[in-house]
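Results of the structural survey
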Amino acid sequence: MKTPKLYFVDGAVPESPAPTDTPAPWTETRVVGKSLPRVDAYDRLSGTAVYPSDVVLPDMLYAAVLRCPHANARVRKVDGSLVERMPGVRAVITGDSKAADLRWYYTRTVFTKLFDPTCRFEGEAVAAVAAETPQQAWDAVRAITVEYEVFPFVADERKALEPGAPAVHDGGNRVGEPEKYQRGDVVKGFAEADKVLEASYRTAAEFHTPMELHGCVARWDGKRLTLWDSTQGVYGVQQRVASLLEMPLANVRVIGSYMGGGFGSKLQADKYNLIAAVLAKLTARPVKLFLTREETFLCVGNRPPAGMRLKAGVKNDGTLTAFDLTVLGTGGAYPTGGTGLVDWLVRDLYTCPNVRTEATDVYINGGPSRPMRAPGHPQGAWALEQMMDALAEAIGMDPVQLRLKNVPTVSQANEGQPPYTTTGLRQCLTEGAKAFGWDAVRRRSKGDGPVKRGVGVAAGLWIAGDGGPPATVIVKLFPDGSANLNMGASDIGTGTKTVMAMVVAEELGVPLEQIQIENADTGTTEYATASGGSKTVPTEAPAVRSAALAVKRQLFELAAEELKVPANQLYIEGDAVVSTKDPKVTKKIAALQGLRRRGLLIGVGTRGPNIEGKVINPFVAQFCEVEVDTRTGEVEVLRFLSANDSGRVMNRLTYENQVIGGITMGIGLALTEQRVFDRQTGKVVNRNWHDYKIPTAMDVPADMTSLPIDVPDPEANTTGAKGLGEPVTIPTAAAVANAVYDAVGVRVTESPISPMRLIGLIAARGKRG
Amino acid sequence: MGHDQNDGKGGCPQGVSRRGFFTAVGAGALGAATLGRSQTPGAPPAGAAEPTKVTLRVNGRAHTVLAEPRWTLLFVLRERLGLTGTKVGCERGECGACTVLLDGTPVYACMMLALEAEGHEVTTLEGLMNGEELGPVQQAFLQEDAFQCGYCTPGQIVAAEGLLRANPQPTLEEIRAGMSGNLCRCGTYAHIFKAVKKASELKKVAGR
């Protein structure tokens, strides 16, 4: 087995091209900010949108993967010989197959074989089959005989460091040294406090479970490979697949097309890309490989569980004096960042001079984690925001007021404590509380009957959401004034394409329905990083604006000749170019002879660098009202309000949709979602949507309000927008927990707040009196 | 396909309700799982048999295909008839991405064999279009932005169509119950509720 060279990018983008235009932020807008339906709504609603799982090619085979059924095992022998003769079977690959003798990198430095004999978690790939139908492929997978040597396992991170715990890797279960952070002196800070509280919190592991299954279709044309992949980033998949197959990037084309959700679990390539490619090569036929729903609960990522011990000190006037946080977490069987960013909110959200954090990441025999919508942040908010509530109660202060007292102006956890470009946290809290009617409902009676009502608040920020280079976009203007937008970023459902079309419309006056937008495709669209980190709008929108301005400049040069007006004295009004000096001197874009002769104007736009010495973060405060049935422990969320500072609102309608989506996902973390391992076997017990409960139409309030703090951030980028998709889910679960406490006086520090857990806590409190 | 008359808060006479669905298909799903496990190497696979001629009426047109008896309606619609508006989400009757109308009633196409659909009128998302124009429920989903990634959306639209055919003016609680068999991981339910309400108005105006 050869050692492939991996493509990795370190640090800042070395020389991002000088931005072609660095225009001033818009002062007023005609299109941007409006509430407009999506430009690709027709495709997604009519069924004409082709998602990768919809691709059916002539002569296509179907693949299925045999996965290790044990939490910790070694493959002694795998026999696929009988299977090769089964009906419809065209290829079988195992760890012994030469064609499948490839490396797989779980991280940059930790690699295994594609089919490695060492299976450190249930669901690790062992073999794969391609057959004429998926049913025949599964028949064959079930018939492959495998001899496993089964080892003891550890599936609970709290037991991973106990003496005698089975070692997931040689050298023990610690993933390196604990990550430590310190500023000020916490001992001094606690000594200065009037009240010191300490509590343990835990969030359970969650699964992403996007609606479209993970998978791809692979097809070879000689030495060229095409993958139709359900992915958040076509270029990341191209780079990983090309490097592992040792192929030129140009010969690996990844077509993203539409995609059915990812939430972080589809940011990179997966083993299924390689398996499909290998099977397609062996059979010389296209191969479709989409995982089953059950498989997606085992091997395509999770939000890791987080155990958090938080000690906090506060003065009676609400001044925070110290935070001390200890985190224990796990990314599963490989070093995938099990504790990453869990401590960030404690470090950065509130003004506090003395902070110490320590995070210990351990291995367990579980599926490797992947980033999930605001990695680390909802977990950290679960601890910090419940603690803020408890501190407020301890000093007799309103929880909104305590937070307002500690709104930061600088990012304390960043080197040199740079200021934020904008900090909308104060407006989020004050305007949110006002719109929610906080003061009145907070004082209201909890109810005399067995059903109690309560309200809760929680806040947050997102460490990223700034975006940045690299990003390149091309805008083409046809001679009739219609346009084409060529961008490599995937619209993962957030409305990216719609927002970008609105930017083009803003600058060029083209109606949205006359803008055609290419879908992410490494063969035809420009380079873009994966759509994730709430950075797609702040990254791509300035590049789109820059490309549109490049077109506009050329357009004005052409019009200047025909109108006999200097190019810098022209503007676009509707479908015409108009003189700023005399509105009667005008010509329709479609009537410009120069444009006719040129046939097409092409503008290339790039994303310039971010401002130096400042931090660009989005902020959020959420308020909710719940009802708790003290007889059953059931919690019903009655309403939610989310006040967001994500800079400029690009499209009011899709903005609101992101907000309600984030709240819905957060309600899942708060009330129902948790990975459960079987204690006897280490297998995931709830590997389907019946047993792993995500919110349904019955579980969320219809009353969800999005309150944008619509203040463009002039220093963030040339559009003034910051990221939104992740901050919207960061404080949600903590807000629910705080509302439950307000209703019944019981603090649920471990997620989810299941009826069984809550009724137990209510009963225990009754006993204590 | 059964649906629970007394499910949830509002009671839902149509639409795929979760509890009712499991009652109806539980026995069948269990049987299929048992068959799968009894596999021995090299033996003819359980459930597989010679392909049989199946005639399906889909969106008003008859299609005759050769199908193995174990093939689901979902598989035949997507992979044999090319009607990929119907999506695959779980293949175990949990998510509703594959919802189609069977004689006007929403069912999960993943939990029905293609053979079982013979003699019934199947309507998919594509069948709700007016030629190249969006139908009223689709139009309502567009106006209210009742989707994000759009992958569960065909099932949501078909479920809403089934709900509105049985109950043209549902209350919010009836909408909730009627749509409870369709999961949306992007979490757009609050907009879906609005869209179903809007669709009810659009259908009334259109007189259909």
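Residues numbered from 1 in each chain as written. Chains lettered and ligands numbered in written order. Predicted model: local features only at pLDDT ≥ 70, side-chain atom pairs only at ≥ 80, totals over all residues.

1. Observations concerning the overall build of chain B
Regarding its fold elements, chain B presents six helices and five strands. Tracing chain B from N to C terminus, the helices and strands come up as α-β-β-α-β-β-β-α-α-α-α. Looking at chain B as a whole, 57% of its 208 residues are labelled buried. Sequence-distant contacts in chain B: of pairs separated by 6 or more residues, those separated by 24 or more amount to 62%. (Helix = DSSP H or I, 4+ residues; strand = E, 2+ residues; numbered from the N terminus. Buried ≥ 20, exposed ≤ 12 C-beta atoms within 10 Å, placed from the backbone. Contact = placed C-beta atoms within 7 Å.)

2. Thoughts on the interface of chain A and chain B
Facing the 51 residues of chain A at the interface are 53 residues of chain B. At the level of secondary structure, the elements contributing two or more residues to the side of chain A that touches chain B comprise helix 1 (41–46), helix 2 (134–143) and helix 15 (652–671) of chain A. Sorting elements by how many residues they give to the side of chain A that touches chain B places helix 15 of chain A first, with seven residues. Partitioning the side of chain A that touches chain B into residue classes produces 26 nonpolar, 18 polar and seven charged. (Nonpolar A, V, L, I, M, F, W, Y, C, P; charged D, E, K, R; others polar.)

3. Structural notes on helix 2 of chain A
All names here are of chain A. Burial runs high along helix 2: nine of the ten residues are buried. Along helix 2, the residues that are buried comprise Pro134, Gln135, Gln136, Ala137, Trp138, Asp139, Ala140, Val141 and Ala143. The elements touched by buried residues of helix 2 are strand 1 (61–67), strand 3 (89–94) and strand 7 (125–131).

4. Considerations on helix 12 (residues 496–508) of chain A
Residue and element names in this part refer to chain A. Along its 13 residues, helix 12 runs 18 Å from first to last C-alpha, staying within 8% of the 18 Å computed at 1.5 Å per residue. Among the 13 residues of helix 12, 13 are classified as buried, and the element is accordingly described as predominantly covered. Of the residues trailing helix 12, Gly509 is marked for its positive phi of about 75°. (Expected span 1.5 Å × (residues − 1).)

5. Some points on the domain arrangement of chain A
Residues and elements named next belong to chain A. Along its sequence, chain A is organised into domain 1 (41–49 + 467–606) and domain 2 (419–465 + 615–769). If you average the C-alpha positions of domain 1 and of domain 2, the two centres end up 38 Å apart. On the domain 2 side, the residues contacting the 15 residues of domain 1 number 19 residues. Of all the secondary structure elements, the ones that give two or more residues to the side of domain 1 that touches domain 2 are helix 12 and helix 13 (536–563). If you tally residues by element for the side of domain 1 that touches domain 2, the top one is helix 13, at five residues. Within the side of domain 1 that touches domain 2, the residues separate by chemical class into seven nonpolar, six polar and two charged. (Domains from an automatic or database assignment.)

6. Observations concerning the packing of helix 4 (residues 234–244) of chain A against helix 5 (residues 271–283) of chain A
Residues and elements named next belong to chain A. Between helix 4 and helix 5, whose axes approach to 10 Å, the crossing angle comes to 55°. Judged by the inter-axis angle, helix 4 sits oblique to helix 5. Our pair here, helix 4 against helix 5, has a crossing hand that is right-handed. Here helix 4 contributes Val237, Val241 and Leu244 to the contact with helix 5, which in turn contributes Asn273, Leu274 and Ala277. Classifying every residue of the contact of helix 4 with helix 5 gives five nonpolar, one polar and no charged. (Axes fitted to C-alpha atoms, helices over the stretch in contact; angles between N-to-C directions. Parallel < 35°, antiparallel > 145°, perpendicular 65-115°, else oblique. Left-handed = near helix turned anticlockwise from the far one by under 90°.)

7. Observations regarding the pairing of strand 23 (residues 576–579) of chain A
Residue and element names in this part refer to chain A. Both strand 22 (residues 570–573) and strand 23 contribute to a ladder of four bridges, which runs antiparallel. The partner of Tyr571 across the bridge, within strand 23, is Val578. If you look at the hairpin formed by strand 22 and strand 23, you'll find two residues sitting between the two strands, and Gly574 has a positive phi there, around 60°. Relative to strand 24 (residues 586–588), strand 23 is paired through three bridges, and the arrangement is antiparallel. In the sheet register, Val577 faces strand 24, and the bridge partner there is Lys587. The turn linking strand 23 back onto strand 24 is made up of six residues. (Pairing = 2+ DSSP bridges.)

8. Here we look at the nonpolar core
All names here are of chain A. By size, the foremost hydrophobic cluster in this structure holds 300 residues, and its most contacted members are Ala63, Val129, Val504, Val544, Val736 and Val740. With 13 residues, the top contributor of residues to this core is helix 13. When sequence neighbours within four positions are dropped, the list of residues in contact with Val504 reads Val475, Ala483, Leu485, Val510, Ile515, Val544 and Ala548. (Core = buried A, V, L, I, M, F, W, Y, C linked by C-beta atoms within 7 Å.)

9. Here's the deal with the sheet that holds strand 9 (residues 179–183) of chain A
Residue and element names in this part refer to chain A. Taken in spatial order, the five strands make up an open sheet running 9-17-16-15-10, and their pairing is mixed. Among the strands making up the open sheet, the edge pair consists of strand 9 and strand 10 (195–203). Averaged over neighbouring strand pairs, the angle between their axes works out to 5° when direction is ignored. Bridge count for strand 9 against strand 17 (residues 355–363) is five bridges, and the pairing is antiparallel. In the strand pairing of strand 17, Glu179 is matched with Ala359. Strands in contact with helix 8 (residues 377–394) are strand 10 and strand 15 (306–314); relative to strand 10, the strand with the most contacts, it is inclined by about 150°.

10. Here's the deal with the sheet that holds strand 14 (residues 287–290) of chain A
Residue and element names in this part refer to chain A. One open sheet holds the seven strands; their spatial order is 3-7-1-14-11-12-13, and the pairing between them is mixed. Taken across any chain shown, the strands that pair with only one partner, and hence form the sheet edges, are strand 3 and strand 13 (252–255). This sheet shows a mean twist of 20° between the axes of neighbouring strands, independent of strand direction. Sheet contacts for helix 4: strand 12 (224–229) and strand 13; angle to strand 13, the most-contacted strand, approximately 150°. Across the sheet, helix 5 lies against strand 1, strand 3, strand 7, strand 11 (215–221), strand 12 and strand 14, angled at about 35° from strand 11, the strand it touches most.

11. Observations concerning the environment of Thr84(B)
Looking at the secondary structure, you find Thr84(B) in the loop between helix 2 (73–80) and strand 3 (99–102). Expressed as a C-alpha distance, the spacing of Thr84(B) and Pro154(B), which sit 70 residues apart in the sequence, is 9.7 Å. Look past the residues within four positions of Thr84(B) in its chain and what remains in contact with it is Gly47(A), Asp54(A) and Arg78(B).

12. A few points about unusual backbone geometry
Between Pro469(A) and the following residue, Pro470(A), the backbone shows a cis peptide bond with an omega angle of 5°. Tracing the backbone shows Pro470(A) in the loop between strand 18 (451–461) and strand 19 (472–477). The residue after Ser751(A), namely Pro752(A), is reached through a cis peptide bond having omega -5°. Position of Pro752(A) relative to the elements: it lies in the loop between helix 16 (732–744) and helix 17 (755–768). The residue Glu91(B) is not glycine, and still its phi comes out positive at about 55°. Tracing the backbone through its elements, the reader meets Glu91(B) in the loop between helix 2 and strand 3.

13. A word on the packing of helix 4 (residues 153–166) of chain B against helix 6 (residues 189–206) of chain B
Each pair of packed helices gets described by two things: the angle between the helix axes and the distance between those axes. Residue and element names in this part refer to chain B. For the pair helix 4 and helix 6, the least separation of the axes is 11 Å and the interaxial angle reads 50°. Considering the angle they form, helix 4 stands oblique to helix 6. Of the two elements, helix 4 crosses helix 6, and the hand of that crossing is right-handed. When helix 4 is examined against helix 6, the residues Gln156, Ala160, Leu163 and Leu164 are found in contact with a partner set consisting of Ile192, Val196, Ala199, Ser200 and Lys203.

14. Topic: the pairing of strand 26 (residues 619–629) of chain A
All names here are of chain A. Most of strand 26 is tucked away, with nine of its eleven residues classed as buried. Here eleven bridges tie strand 26 to strand 27 (residues 634–645), and the two strands are oriented antiparallel to one another. Considered in strand 27, the bridge of Phe623 is made with Leu641. Linking strand 26 back to strand 27 in an antiparallel pair, the connection comprises four residues, with Gly633 at a positive phi of about 80°.

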